[in-house]
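Topology and contacts: notes
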Amino acid sequence: MSIKLSARVQAVKPSPTLAITARAKALRAAGKDVIGLGAGEPDFDTPDHIKQAGIAAINDGFTKYTAVDGTPELKRAIIAKFQRDNGFEYKPEEILVSCGGKQSFYNMAQAILDPGDEVIIPAPYWVSYPDMVLLAGGAPVIVPAGIESGFKMNAAQLAAAITPQTRWLIFNSPSNPTGAGYSTSDLKALTDVLVENPHVWIMTDDMYEHIAYPPFAFRTPAEVEPRLMDRTLTVNGVSKAYAMTGWRIGYAGGPVPLIKAMTTIQGQSTSNACSISQWAAVEALDGPQDYIATSRAAFLRRRDLVVRLLNACSGIECPTPDGAFYVYPSIAGLIGKTTPSGAAIDTDADFARELLAAEGVAVVFGAAFGLSPNFRISYAAADEDLAEACARIGSFCESLT
Ligand SMILES: Cc1ncc(COP(=O)(O)O)c(C=O)c1O
């Protein structure tokens, strides 16, 4: 049966990270020994006190619609979090609670972009940014920031990308997929360019704020340059910080007219985020914070393990990330080689496909994130699985000729 699809949906592609996770699951279901390092979520369970808050919300009857933009209790907890961690003073009408940070960004794109509006996105980028811009009719302007610059865009690149049609800069530090973190001086260089260009707004995706490894210290752009506050949308959430990916709670802080417009989009699509999850998120933000330090220590140990093992593989160069739970090694040294079965490794997509087929290790190829030839590993996995996966990657690299 053929069905006519909208031009809108034909302009976007399905999320490649979700597709790879699904393929690894299918191979596992068919009996193959697969180590999946594609999914971008903590492997830890949601902390018990947060789960109990969700259970209590059900038992207490908080199972009805809430205000579209979030419960007063969760908004209060979010305002306190912004105050505590970032020194921001938001008011309730400057906050929108959504079904994940993903929806926060989607609401923003739908609320703001018209055809021809340009959005600057440094690459490698989180896979959803360009597609959400396209879905809203905007034009992504991709700025490559490769391994030689630590996967960070510099001020000259930003200045060169800005045109009169530029509406937004999309910013993410620590980054998915590279783990690169912008220092205070990196940020200052970029915010100086934005101060000079008052027509450009900034959406900062601070999802990995709490997964930052010393000496890197997380800062958000408007903290470094408060003059940007009235054109900054700060997106954050509980998914990565508290192992709550399935609960679907993200939030955004920004100027009232923007938050109002985003709330209108959300009100005509999903309405409020899950009432039960909102109560669990209150506990996550207000309750004991020890999970953050415990999980960060585990991620740091795994980062060091994976960086060491991957750098020992022939043809792979793996920089050490500042945060998040991803590495983004280069496979420039393997391009042009051939597998024992005769398959050519001409691209990072070839590498990921053949690695999965030969060794049962699922990784995401770099082209999905807009910068090649690389691949992404999520090291939010058991230490033994990471060691075994790196050993298999090493054997795969050795097998190429
Ligand atoms: C950079 C970044 N932003 C946003 C999200 C979305 O998170 P959520 O919708 O679960 O809040 C993710 C999840 O992978 C991410 O990596």
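This text gives an overview of the structure that appears in the document. (Residues numbered from 1 in each chain as written. Predicted model: local features only at pLDDT ≥ 70, side-chain atom pairs only at ≥ 80, totals over all residues. Heavy atoms only, no water.)

Reading across from one edge, S2-S8-S7-S6-S5-S3-S4 is the order of the 7 strands in this open sheet, with mixed pairing throughout. Either end of the sheet is taken by a strand with one partner, and the two such strands are strand S2 (95-98) and strand S4 (139-144). Neighbour-to-neighbour, the strand axes of the sheet open up by a mean angle of 20°, direction not taken into account. The sheet contact formed by S2 and strand S8 (residues 250-253) spans 4 bridges and is antiparallel. What sits directly across from leucine 96, in S8, is alanine 252. Sitting on the sheet, helix H6 (residues 128-135) touches strand S3 (118-123), S4, strand S5 (166-172) and strand S6 (201-205), and the angle it makes with S4 is about 155°. (Pairing = 2+ DSSP bridges. Helix = DSSP H or I, 4+ residues; strand = E, 2+ residues; numbered from the N terminus. Axes fitted to C-alpha atoms, helices over the stretch in contact; angles between N-to-C directions. Contact = heavy atoms within 4.5 Å.)

For the coordinates displayed, the defined rule picks out 19 aromatic pairs. Aromatic side chains phenylalanine 82 and tyrosine 251 sit 5.6 Å apart centroid to centroid with 85° between the ring planes, which places their arrangement in the edge-to-face category. In this pair, phenylalanine 82 sits in helix H4 (residues 72-86) while tyrosine 251 sits in strand S8, placing the two residues 169 residues apart along the sequence. On the basis of relative accessibility, which here comes to 1%, the residue tyrosine 251 falls in the buried class. With a centroid separation of 4.9 Å and an interplanar angle of 50°, the aromatic rings of phenylalanine 325 and tyrosine 326 are classed as tilted. Tyrosine 326 matches phenylalanine 325 in its accessibility class, with the two residues each being buried. Three or more aromatic residues link up through ring pairs in this structure, and these residues are Phe44, Tyr208, Tyr291, Phe299, Phe325 and Tyr326. (Phe/Tyr/Trp six-rings, centres within 6.5 Å; stacked < 30°, edge-to-face > 60°. Buried < 20%, exposed > 50% of the residue type's maximum accessible area, 1.4 Å probe, protein only.)

A few words on the side chain of glutamate 209. Summarising the element assignment, glutamate 209 is placed in the loop between S6 and helix H9 (221-224). Classification of glutamate 209 by relative accessible area gives buried; the value is 7%. A polar atom in the side chain of glutamate 209 sits 2.8 Å from the side chain of asparagine 236. Residues within four places of glutamate 209 in sequence aside, it is in contact with Lys81, Asp85, Asn86, Pro174, Phe218 and Asn236. (Polar contact = N/O pair within 3.5 Å; in protein donor to acceptor, adjacent residues only side chain to side chain.)

Our focus in this paragraph is the state of the cysteines. Under the criterion given, the structure shown has 0 disulfides. Unpaired in terms of disulfides, cysteine 274 finds its nearest cysteine sulfur in cysteine 99, a separation of 8.4 Å. (Disulfide = S-S within 2.5 Å.)

Take the nonpolar core next. Grouped together as the largest cluster of nonpolar side chains are 75 residues, with contacts concentrated most on Trp168, Ile170, Met203, Leu233, Leu310, Ile316 and Ile393. Each residue touching isoleucine 393, except ones within four places of it in the same chain, is listed here: Leu310, Cys313, Ile316, Leu355, Val361, Phe375 and Ile377. With 25 residues, the next largest nonpolar core counts Ala77, Phe88, Ala281 and Val282 among its residues. (Core = buried A, V, L, I, M, F, W, Y, C linked by side-chain atoms within 4.5 Å.)

Considering only enclosed or pocket space, the largest pocket measures out at about 610 Å³ in volume. Every residue lining the largest pocket is counted, 30 residues in all, and those nearest its centre are Gly40, Lys102, Trp126, Lys240 and Thr245. For the lining of the largest pocket, the secondary-structure elements that each account for two or more residues are helix H2 (16-29) and helix H5 (101-112). Per-element tally for the lining of the largest pocket: the top contributor is H2, with 4 residues. Its residues assigned to classes, the lining of the largest pocket shows 9 nonpolar, 14 polar and 7 charged. Here the second largest pocket is characterised by a volume of approximately 270 Å³. Lining the second largest pocket are 16 residues, with Thr21, Gly36, Gly38, Ala39 and Glu41 sitting closest to its centre. A per-element tally of the lining of the second largest pocket places H2 first, with 5 residues. When the residues that make up the lining of the second largest pocket are grouped by side-chain class, the tally is 8 nonpolar, 4 polar and 4 charged. (1 Å grid on protein atoms, 1.4 Å probe; cavity = no way out; pocket = protein on both sides within 12 Å on 5 of 7 lines; lining within 4 Å. Points joined across faces, edges and corners; volume = space filled by probe spheres on them. Nonpolar A, V, L, I, M, F, W, Y, C, P; charged D, E, K, R; others polar.)

In this section: the packing of H5 against H6. At a minimum axis separation of 9 Å, H5 and H6 run at an interaxial angle of 35°. Handedness of the crossing formed by H5 with H6: right-handed. Where H5 approaches H6, its residues Lys102, Phe105, Tyr106, Ala109 and Gln110 are matched on the opposing element by Ser128, Tyr129, Met132, Val133 and Leu135. (Left-handed = near helix turned anticlockwise from the far one by under 90°.)

Counted under the stated rule, the structure contains 3 cavities of 30 Å³ or more. Of the pockets and cavities examined, the largest cavity occupies roughly 140 Å³. Those elements giving two or more residues to the lining of the largest cavity turn out to be S3 and S5. Taken together, the residues that form the lining of the largest cavity break down as 12 nonpolar, 4 polar and no charged.

The next point concerns the pattern of salt bridges. Counting across every chain of the model gives 20 salt bridges. Residues joined by salt bridges that share partners form a network here, namely Asp43, Arg301, Arg302 and Asp383. (Salt bridge = Lys/Arg side-chain N within 4 Å of Asp/Glu carboxyl O.)

Right, let's get into the environment of valine 235. Secondary-structure assignment places valine 235 in strand S7 (residues 232-237). Residues valine 235 and threonine 204 lie 31 residues apart in sequence; the distance between their C-alpha atoms is 6.1 Å. Dropping the residues within four chain positions of it, valine 235 is found in contact with Gly101, Ser104, Met203, Thr204, Asp205, Asp206, Met207, Tyr251 and Ala252.

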